[in-house]
Structure formats: C-alpha cells, structure tokens
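If you want the building blocks of each chain, they are given just below.
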Amino acid sequence: MTARRATPTALRRVVDDLVASTHQVGELMLEVTPAYLPGTEAVDVLAPLCEEIGEPLHHGLAARRYAMSGDRRTLHGTVL
C-alpha cells in the first residue's frame with residue numbers, strides 16, 4: 001500500500017474551507033457582540049457562548065476579528 005501525499009492545491013482547499021467556516025463563526029460572534037464593542041466587553045459576552053458551542057474563547061475572538069477585517073492574519077496562531 002502506498003501513502004498518498006496531499007498536494008499543495010488540496011491543502012489550500014482545506015485551509016480555504018477552514019477559513020470560510022471560521023468566517024461564519026465570526027459572523028455569529030458579531031451578531032452577539034457587534035463590531036462597535038471593544039474586545040474587553042466582547043470577552044464577557046462571548047465567553048459563555050464559546051463554552052456552549054465548544055469553541056475556545058481565543059478562537060471565537062479571532063473569528064470575530066476575522067469577520068470584521070477579512071484579514072486571515074487575525075487567525076494566525078489560533079485557528080490556522
């Protein structure tokens with residue numbers, strides 16, 4: 001049996017899917033804590049939500065920042 005290696009194109013597709021689903025989570029976070037709220041206030045509201053959906057708080061906050069900015073760098077070290 002030979003091992004299959006993922007191609008760069010396949011890996012990019014996986015990352016793109018992960019980023020798209022993270023954006024959806026970020027939009028949910030923004031529904032609960034609109035963009036005008038500072039991060040410190042968002043933490044108080046998002047902590048119980050993240051716990052309920054099984055998402056680490058720092059991932060939820062990163063997803064919120066990504067949904068606001070569209071900049072994938074906001075996910076570095078958390079989701080990606």
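Here is a short report on the structure shown in this document. (Residues numbered from 1 in each chain as written. Predicted model: local features only at pLDDT ≥ 70, side-chain atom pairs only at ≥ 80, totals over all residues. Heavy atoms only, no water.)

Points about a nonpolar patch on the surface
Applicable threshold: In this scheme, patches are assembled from residues that exceed 30% relative accessible area and form no salt bridge. Like charges are connected within 9 Å, while nonpolar side chains (Val, Leu, Ile, Met, Phe, Trp, Tyr) are connected within 5 Å. Every accessible area reported is derived by Shrake-Rupley at a probe size of 1.4 Å, with residue values counting cover from the shown protein chains alone. Throughout this description, the term salt bridge denotes a Lys or Arg side-chain nitrogen within 4 Å of a carboxyl oxygen of Asp or Glu. Numbering of helices and strands runs from the N terminus; a helix is a DSSP stretch of H or I covering at least four residues, while a strand is a stretch of E covering at least two.
Residues Leu 28, Val 32, Val 45 and Ile 53 make up a contiguous nonpolar surface patch of about 270 Å² in total accessible area. At the level of secondary structure, the elements contributing two or more residues to the nonpolar patch comprise α1 (8–32) and α2 (39–53). Take Ile 53: it is sitting in helix α2.

Looking at the nonpolar core
Here is the rule we go by: Nine residue types can take part in a nonpolar core, namely buried Ala, Val, Leu, Ile, Met, Phe, Trp, Tyr and Cys, and a core is a set of them joined through side-chain atoms within 4.5 Å. Throughout this description, buried means an accessible area under 20% of the type-specific maximum (1.4 Å probe, protein chains only), exposed means over 50%, and partly exposed covers the range between. We call two residues in contact when some of their heavy atoms are within 4.5 Å.
One finds Met 29, Ala 42, Leu 46, Leu 49, Cys 50 and Leu 61 forming the largest nonpolar core, which totals 6 residues. Looking at this core element by element, the count peaks at 4 residues for α2. Setting aside its immediate chain neighbours within four residues, Ala 42 contacts Thr 33, Leu 61 and Arg 64. Formed by 5 residues, the second largest nonpolar core is a distinct cluster that contains Val 19, Ala 62, Leu 75 and Val 79.

Focus: the pattern of salt bridges
Enumeration according to the criterion identifies 2 salt bridges in this entry. A salt bridge links Arg 73 to Asp 71; the shortest N-O distance between them is 2.6 Å. We classify Arg 73 as exposed; its relative accessible area is 68%. For Asp 71, a relative accessible area of 24% gives the class partly exposed.

Focus: the packing of α2 against helix α3 (residues 57–69)
For clarity, the threshold we go by: Between N-to-C directions, angles span 0 to 180 degrees; the directions come from axes that are lines fitted to C-alpha atoms, helices contributing only their stretch in contact. Comment on the angle field: the value is read as roughly parallel under 35 degrees, roughly antiparallel over 145, roughly perpendicular from 65 to 115, and oblique elsewhere. Crossings are classed by handedness, with left-handed meaning an anticlockwise turn of the near helix from the far one by less than a right angle and right-handed meaning a clockwise turn. Polar here means any residue outside two lists: the nonpolar Ala, Val, Leu, Ile, Met, Phe, Trp, Tyr, Cys and Pro, and the charged Asp, Glu, Lys and Arg; Gly therefore counts as polar.
Two elements in contact, α2 and α3, have axes whose closest approach is 9 Å; the angle formed by their N-to-C orientations is 125°. One way to sum up the angle between α2 and α3 is to call them oblique. Between α2 and α3 lies a crossing of right-handed hand. On the side of α2, the interface is formed by Gly 39, Ala 42, Val 43, Leu 46, Ala 47 and Cys 50, while α3 contributes Leu 57, Gly 60, Leu 61 and Arg 64. Considering only residue class, the contact of α2 with α3 consists of 7 nonpolar, 2 polar and 1 charged.

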